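# Survey of secondary and tertiary structure
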Amino acid sequence: VASPDKKTHLELTTPHHTLCREVMSLMLDMELSPKLATRKSASLLYWKDTAGAEDFLTLIGAPHAALCMMEAKVEKQLRNQINRQVNCEAANVIKASNAAAEQIAVIRRALDQSGWDIFPDALHETIRLRLDDPTASLSELASRLDPPISKPGLSHRMRRIVSIARAAAEEEQT
């Protein structure tokens with residue numbers, strides 16, 4: 001039996017091929033479904049699935065070992081779920097900070113080249129908030145507006161601001 005914290009693997013090995021087939025037949029009658037293989041001169045029955053290995057251990061009178069295997073499986077699933085969540089959150093933070101940095105760079109370039117007049121007055125508060133707090137999320141910025149707006153609403157405004165700033169930069173180059 002492999003260690004419970006590793007990949008599931010339980011195998012029974014015998015040099016007697018006939019015995020192995022008979023044991024497999026008995027196990028199939030008991031609704032256990034091991035796989036059958038040959039390695040060198042030995043025959044073996046094995047399980048790669050946790051449920052089958054747990055059922056076998058319980059059947060042969062090793063319920064504690066089966067419980068250890070179940071606990072290890074639950075811990076592994078929990079660790080994997082936490083890792084996925086952390087990776088996803090880290091990716092979202094990186095994506096948001098990159099977007100904020102790009103927005104700020106485009107806005108500053110436009111303000112330096114063309115000034116505030118290129119932006120409609122309704123967008124000035126949004127621009128000031130973004131420039132004053134580069135690390136704030138869209139949700140945080142949206143709640144600070146007077147009156148507060150939704151995150152998608154602020155996202156739309158930011159896209160509009162960036163579009164205006166890029167258009168001004170292109171006009172300046174021509």
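An account of the accompanying structure is given in this report.

## A short note on the side chain of Thr50
Inspection of the secondary structure puts Thr50 in helix α2 (residues 50-59). Taking relative accessible area as the criterion, Thr50 reaches 14% and is therefore assigned buried. Setting aside residues no more than four positions away along its own chain, Thr50 makes contact with Thr8, Met69 and Lys73.

## Quick notes on the sheet that holds strand β1 (residues 10-14)
Two orientations exist for strands paired in a sheet by backbone hydrogen bonds: parallel and antiparallel. An order of β1-β3-β2 is seen for the three strands of this open sheet, with the pairing classed as antiparallel. Sheet topology places β1 and β2 (35-39) at the edges, where each strand pairs with a single neighbour. Taken pair by pair, the neighbouring strands of this sheet meet at an average axis angle of 25 degrees, ignoring direction. When β1 meets strand β3 (residues 42-47), the two strands line up antiparallel, connected through five bridges. By the bridge assignment for β3, Glu11 is matched with Tyr46. Those strands touched by helix α1 (residues 17-29) are β1, β2 and β3, and its axis lies near 25 degrees from that of β3.

## Quick notes on the packing of aromatic side chains
Under the counting rule described, the total for this entry stands at one aromatic pair. Ring centres of Trp47 and Phe56 lie 4.7 Å apart, and the angle between their planes is 25 degrees; on these two criteria the pair is classed as stacked. Of the residues examined, Phe56 reaches a relative accessible area of 8% and is grouped as buried.

## Considerations on the nonpolar core
Ile107, Leu111, Phe119, Ile127, Leu131, Leu154 and Ile161 are the most contacted members of the largest nonpolar core, which has 19 residues in total. Contributions of two or more residues to this core are made by α3 (63-114), α4 (124-132), α5 (138-144) and α6 (151-173). When near neighbours in sequence (up to four residues on either side) are disregarded, Ile161 contacts Ile107, Phe119, Leu123, Thr126 and Ile127.

## Observations regarding the packing of α3 against α4
Relative orientation of the contacting elements α3 and α4 amounts to 120 degrees, with a least axis distance of 10 Å. Between α3 and α4, the crossing angle belongs to the class labelled oblique. The hand of the α3/α4 crossing is left-handed. Taken together, the residues of α4 that come into contact with α3 (itself represented by Ala100, Gln103, Ile104, Ile107, Arg108 and Leu111) are Ile127, Arg130 and Leu131.

Cut-offs used in this document
- Residues numbered from 1 in each chain as written.
- Predicted model: local features only at pLDDT ≥ 70, side-chain atom pairs only at ≥ 80, totals over all residues.
- Heavy atoms only, no water.
- Helix = DSSP H or I, 4+ residues; strand = E, 2+ residues; numbered from the N terminus.
- Buried < 20%, exposed > 50% of the residue type's maximum accessible area, 1.4 Å probe, protein only.
- Contact = heavy atoms within 4.5 Å.
- Pairing = 2+ DSSP bridges.
- Axes fitted to C-alpha atoms, helices over the stretch in contact; angles between N-to-C directions.
- Phe/Tyr/Trp six-rings, centres within 6.5 Å; stacked < 30°, edge-to-face > 60°.
- Core = buried A, V, L, I, M, F, W, Y, C linked by side-chain atoms within 4.5 Å.
- Parallel < 35°, antiparallel > 145°, perpendicular 65-115°, else oblique.
- Left-handed = near helix turned anticlockwise from the far one by under 90°.

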